[in-house]
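Listed below, chain by chain, are the residues.
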Amino acid sequence: MNLRKIKEGKAEIFIPDPKDYEKQGKFDPSWAPVFYNPKMVFNRDLSVIAVSVISPKKIVDALSASGIRGIRYQIESSSSSEVIFNDKNPRSVDLIKKNVEINDIHDATITNKDANSILFEIISDFVDIDPFGSPSPFILSSINATKNNGYVAYTATDLSPLEGRAVKSCKRKYDVQNIKLSFSKEIGIRVLISKIIREASILEKTAIPVLSFYHDYYYRIFMKVMRGARKADENLENLGYAIECDKCGFSSITKEMISKCPICGNNLKIVSRIWTGQLNDQDFLVKINERLANFKYLANYTNIQNLISKLIIENKYVTNYINLEFVASRYRTNVPSRSKMIECLSDATETHFDPKGIKTNKNFDEIIECIKKIN
Ligand SMILES: C[S@@+](CC[C@H](N)C(=O)[O-])C[C@H]1O[C@@H](n2cnc3c(N)ncnc32)[C@H](O)[C@@H]1O
Ligand SMILES: [Zn+2]
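As the structure is a computational prediction, the values presented were derived from the model and not from experiment. (Residues numbered from 1 in each chain as written. Chains lettered and ligands numbered in written order. Predicted model: local features only at pLDDT ≥ 70, side-chain atom pairs only at ≥ 80, totals over all residues. Heavy atoms only, no water.)

Points about the coordination of the zinc ion (ligand 2)
Here is step 1: Taken together, the protein donors to the zinc ion (ligand 2) comprise Cys245 (SG), Cys248 (SG), Cys261 (SG) and Cys264 (SG), at separations of 2.2 to 2.3 Å.
Here is step 2: For the zinc ion (ligand 2), the four donor atoms are set out with angles of 99 to 120° between them, so the coordination reads as tetrahedral.
Here is step 3: Along the chain, the residues that donate to the zinc ion (ligand 2) are spaced as C-x2-C-x12-C-x2-C.
Here is step 4: Relative accessible area serves as the criterion here: at 0%, Cys245 is assigned to the buried category.
Here is step 5: Here Cys248 falls in the buried class, since its relative accessible area comes to 7%. (Donors = N, O, S within 2.8 Å, 3.2 Å for Na, K, Ca; no water. Tetrahedral: all angles 85-135°; square planar, octahedral: opposite > 155°, others 65-115°. Buried < 20%, exposed > 50% of the residue type's maximum accessible area, 1.4 Å probe, protein only.)

As structure tokens, this is what we get:
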């Protein structure tokens, strides 16, 4: 395997030379013998800051590939951490050994196991699950490996099931009855959290999201894990439904099951059952924001700053986002600009999920009034 040296954050690592795996001038990271995706640098950059807030003593990079995450966490987030790197691919493990050595990572253990095996053998205060596609096969084991008040992070790139476009797959992987709605980009992450909480409850544990966001073609989420059957029972009460009326455009996230639209009486479209609580912990976001100045060297510094500022404001609105294009289409009006809607409603903000979406505490009648007034 020919190698190429690249720099990411403060780490320098070897990856398989992409040139050797091109097909008709194109390259997909999954064609190389060890996976490295430059499109995930934003994910890793922001994760480096989040892990610095957590400041774990022991990190498990359960699906390591080149080792880039664990290496960066050690160098950039938490130099006193012990890191366990794991991948079931032996060629990954060989490369991780090399990359760990050239980055001078001393406190490293490198294993060549199935993640679901190692995660039932160890316990740690931060576990990272960064799989191909859905993290579902690793949720139970990763929660098992996370100690009380520790953290676990998941990447999910399987947007079709999560956003309600692959309904059967969503039922299989997440046990959620999904359907495409106008705010499905937000529903996707609520489906994932719902699954995490239901899996955690099997182990008499529960979890709450401290950082969650959507970017490009994936979701990324950091959850705080807590032990206790009662806590698990209480948190299961935060699961509920996403509802939407195709006729009048009303939508909501609710703990109570309702089947008829409270505005026009039409039958509702329903997603069942999803997380209805907050998507981010305000203190955690503020801590990330406070630390940002230490991470000005990151390739995505400005974009991260923008996202965190948006999340801090967005997190104050507990409702789902309103898709202006969808609602306007129900009233056959032009789609109002976000800025004009925010001005008209006065208590509203943009959402990072969708360029056509706003979050507001105002009720549905007031939203419709503004849409009509702006036209
Ligand atoms: C998306 S890549 C990880 C990328 C890496 N975390 C990064 O940031 O560059 C997924 C990795 O998981 C490994 N993998 C897949 N299934 C696994 C399993 N059951 N146990 C351990 N490793 C697995 C693959 O070999 C691959 O290296
Ligand atoms: Zn209705």
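So that's the structure; there's more coming.
Looking at the sheet that holds strand 12 (residues 269-275)
Here is step 1: The three strands lie next to each other as 11-10-12, forming an open sheet whose pairing is antiparallel. Among the strands making up the open sheet, the edge pair consists of strand 11 (251-254) and strand 12. Taken pair by pair, the neighbouring strands of this sheet meet at an average axis angle of 20°, ignoring direction.
Here is step 2: In the sheet, strand 10 (residues 239-244) pairs with strand 11 via four bridges, with the strands oriented antiparallel. Paired with Tyr241 across the bridge in strand 11 is Thr254. (Pairing = 2+ DSSP bridges. Helix = DSSP H or I, 4+ residues; strand = E, 2+ residues; numbered from the N terminus. Axes fitted to C-alpha atoms, helices over the stretch in contact; angles between N-to-C directions.)

Considerations on helix 8 (residues 184-202)
Here is step 1: A rise of 1.5 Å per residue sets the reference length of helix 8, with its 19 residues, at 27 Å; its end C-alpha atoms lie 27 Å apart and thus fit the reference within 8%.
Here is step 2: Where burial is concerned, most of helix 8 is hidden: 16 out of the 19 residues are buried.
Here is step 3: Of the residues flanking the end of helix 8, it is Glu204, one or two places downstream, whose phi is positive at about 55°. (Expected span 1.5 Å × (residues − 1).)

A few points about the UniProt feature "binding site: Zn(2+)" (unreviewed entry) in the chain
Here is step 1: UniProt tags Cys245, Cys248, Cys261 and Cys264 as "binding site: Zn(2+)" (unreviewed entry). Spatially, the listed residues are clustered: although they cover 20 residues, their C-alpha atoms lie within 8.6 Å of one another.
Here is step 2: Checked against the element boundaries, Cys248 lands in the loop between strand 10 and strand 11.
Here is step 3: Residue class for Cys261 comes out buried when judged on its relative accessible area of 4%.
Here is step 4: Setting aside residues up to four positions removed in sequence, Cys261 forms contacts with Cys245, Cys248, Phe250, Asn266 and Leu268. (UniProt positions renumbered as here; feature names shortened; annotations may be inferred. Contact = heavy atoms within 4.5 Å.)

Quick word on the packing of aromatic side chains
Here is step 1: Taken as a whole and judged by the stated rule, the model has 12 aromatic pairs.
Here is step 2: The interplanar angle of 45° and the centroid separation of 6.5 Å between the aromatic rings of Tyr214 and Phe353 together place this pair among those described as tilted. Taken as a pair, Tyr214 in strand 8 (residues 205-215) and Phe353 in the loop between strand 14 (348-350) and strand 15 (357-360) lie far apart in primary sequence, 139 residues in all. Comparing Tyr214 with Phe353, the two get one shared label, buried.
Here is step 3: Considering the side-chain rings of Phe295 and Tyr297, the 6.1 Å spacing of their centres and the 40° angle between planes classify their relative orientation as tilted.
Here is step 4: For Phe295, a relative accessible area of 5% puts it in the buried group.
Here is step 5: Its relative accessible area of 32% is what places Tyr297 among the partly exposed residues. (Phe/Tyr/Trp six-rings, centres within 6.5 Å; stacked < 30°, edge-to-face > 60°.)

Some words on the pattern of salt bridges
Here is step 1: One pass over the structure, following the stated rule, counts 20 salt bridges.
Here is step 2: The closest approach of N and O atoms between Arg72 and Asp45, which form a salt bridge, is 2.8 Å. Placement of the pair is Arg72 in helix 2 (residues 68-77) and Asp45 in helix 1 (residues 41-54), with a sequence separation of 27 residues. Side by side, Arg72 and Asp45 carry an identical accessibility label, which is buried.
Here is step 3: Between Glu76 and Arg72 there is a salt bridge whose closest N-O contact spans 2.7 Å. Of the two residues, Glu76 and Arg72 both sit in helix 2, four residues apart, roughly one turn of that helix.
Here is step 4: Judged by its relative accessible area of 9%, Glu76 falls in the buried class.
Here is step 5: Relative accessible area serves as the criterion here: at 1%, Arg72 is assigned to the buried category.
Here is step 6: Among the charged side chains, a salt-bridge network with shared partners connects Glu8, Arg44, Asp45, Arg72 and Glu76. (Salt bridge = Lys/Arg side-chain N within 4 Å of Asp/Glu carboxyl O.)

Thoughts on the sheet that holds strand 5 (residues 108-111)
Here is step 1: Pairing within the open sheet is mixed, and its seven strands lie in the order 5-4-3-6-7-9-8. Strands at the two margins of the open sheet, each flanked by one partner only, are strand 5 and strand 8. The sheet shows a mean angle of 15° between the axes of neighbouring strands, direction not considered.
Here is step 2: The strands touched by helix 1 within the sheet are strand 3 (58-61), strand 6 (124-129), strand 7 (146-156), strand 8 and strand 9 (218-227), with strand 9 carrying the most contacts at an inclination of about 20°.
Here is step 3: Packing against the sheet, helix 9 (residues 229-236) makes contact with strand 8 and strand 9, and its axis sits at approximately 45° to strand 8.

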